[in-house]
Amino acid sequence: QVQLVESGGGLVQAGGSLRLSCAASGRTFSRYVMGWFRQAPGKEREFVAAISGSGINTNYADSVKGRFSMSRDNAKNTVYLQMNSLKPEDTAVYYCATSTMYSNNPVRYDYWGQGTQVTVSS
């Protein structure tokens, strides 16, 4: 029902910045909590950030707090993840997802993007 199209992944030097975008297809975009997750090779998918439907409230994993910033533009049906001070350990496939509730648990998210690769080099 909801299609999420991610963009902005790529290769970046450690200490650099990257902005990921996730565009949604639905009319009810503003009703969704939106989340970013990532999965590195050999690891479980982990929570990165979430934002409320209004964009007023955000939540971040401790590992990215102070470095990453999530925002949304409901007029554009788009959510963003601004990634600053990137570290090699941030290297992962990043996924955008929707939820009806505010959660860091991926099982609570209903629709997922295709994922975009972020690689941080030393």
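This text goes with the structure placed above it.
Residues numbered from 1 in each chain as written. Predicted model: local features only at pLDDT ≥ 70, side-chain atom pairs only at ≥ 80, totals over all residues. Heavy atoms only, no water.

Q: Even after reading the chapter, I still don't get the overall build of the chain, so can you show me in this structure?
A: When its secondary structure is counted, the chain shows zero helices and 11 strands. The C-alpha radius of gyration computed for the chain amounts to 13 Å, which stays within 12% of the reference 14 Å derived for 122 residues, consistent with globular compactness. Along the longest, intermediate and shortest principal axes, the C-alpha atoms of the chain span 40 × 25 × 25 Å. Here the chain, with 122 residues, has 46% of them falling under the buried criterion. Of all intrachain contacts in the chain linking residues separated by at least 6 positions in sequence, the fraction that spans at least 24 positions is 57%. Only carbon and sulfur atoms are counted for the fraction: they give 45% of the accessible area of the chain, which is about 6300 Å². Computed over 12 positive and 8 negative side-chain charges, the separation of the two mean positions in the chain equals 6 Å. (Helix = DSSP H or I, 4+ residues; strand = E, 2+ residues; numbered from the N terminus. Rg over C-alpha atoms; globule rule 2.2 N^0.38 Å. Buried < 20%, exposed > 50% of the residue type's maximum accessible area, 1.4 Å probe, protein only. Contact = heavy atoms within 4.5 Å. Areas by Shrake-Rupley, 256 points an atom, 1.4 Å probe, with all protein chains shown as cover. Lys, Arg positive; Asp, Glu negative; His and termini not counted. Charge placed at Lys NZ, Arg CZ, Asp CG, Glu CD.)

Q: Please clarify how the environment of G35 should be interpreted in this entry.
A: For G35, the position within the fold is in strand β4 (residues 33–39). For G35, a relative accessible area of 0% corresponds to the buried category. Taking the C-alpha atoms as reference points, G35 and Y111, 76 residues apart in sequence, are found 10 Å from one another. Once residues lying within four places of it in the same chain are set aside, the contact partners of G35 are A49, A50, M70, Y95, C96, A97 and Y109.

Q: What exactly am I supposed to notice about the environment of S103 here?
A: Here S103 lies in the loop between β9 (92–99) and β10 (109–112). Here S103 falls in the buried class, since its relative accessible area comes to 15%. In this structure, the C-alpha to C-alpha distance between S103 and I51, residues 52 residues apart in sequence, is 9.5 Å. Among the polar contacts listed, one links the side chain of S103 to the backbone nitrogen of N105, at a separation of 2.9 Å. (Polar contact = N/O pair within 3.5 Å; in protein donor to acceptor, adjacent residues only side chain to side chain.)

Q: Would you take a moment to explain the state of the cysteines for this structure?
A: Note on terminology: disulfide describes a covalent bond linking the sulfur atoms of two cysteines. For the structure on display, the rule yields one disulfide. Shown here is the disulfide that connects C22 with C96, its sulfur atoms set 2.3 Å apart. Here C22 and C96 share a disulfide; its torsion about the S-S bond, -85 degrees, makes the bridge left-handed. Taken together, the residues span a long stretch of sequence, with C22 in strand β3 (residues 18–24) and C96 in strand β9 at a distance of 74 residues. Exposure class is identical for C22 and C96. Each is buried. (Disulfide = S-S within 2.5 Å.)

Q: Got a minute to help me understand unusual backbone geometry in this structure?
A: When glycine is set aside, most residues are seen to have a negative phi, and most peptide bonds are trans. In this model, N77 sits at a positive phi of 50 degrees, which is unusual for a non-glycine residue. Residue position: N77 is located in the loop between β7 (68–73) and β8 (78–83). Overall, the relative accessible area of 16% leaves N77 in the buried class. Even without being a glycine, S85 presents a positive backbone phi close to 50 degrees. Topologically, S85 is positioned in the loop between β8 and β9.

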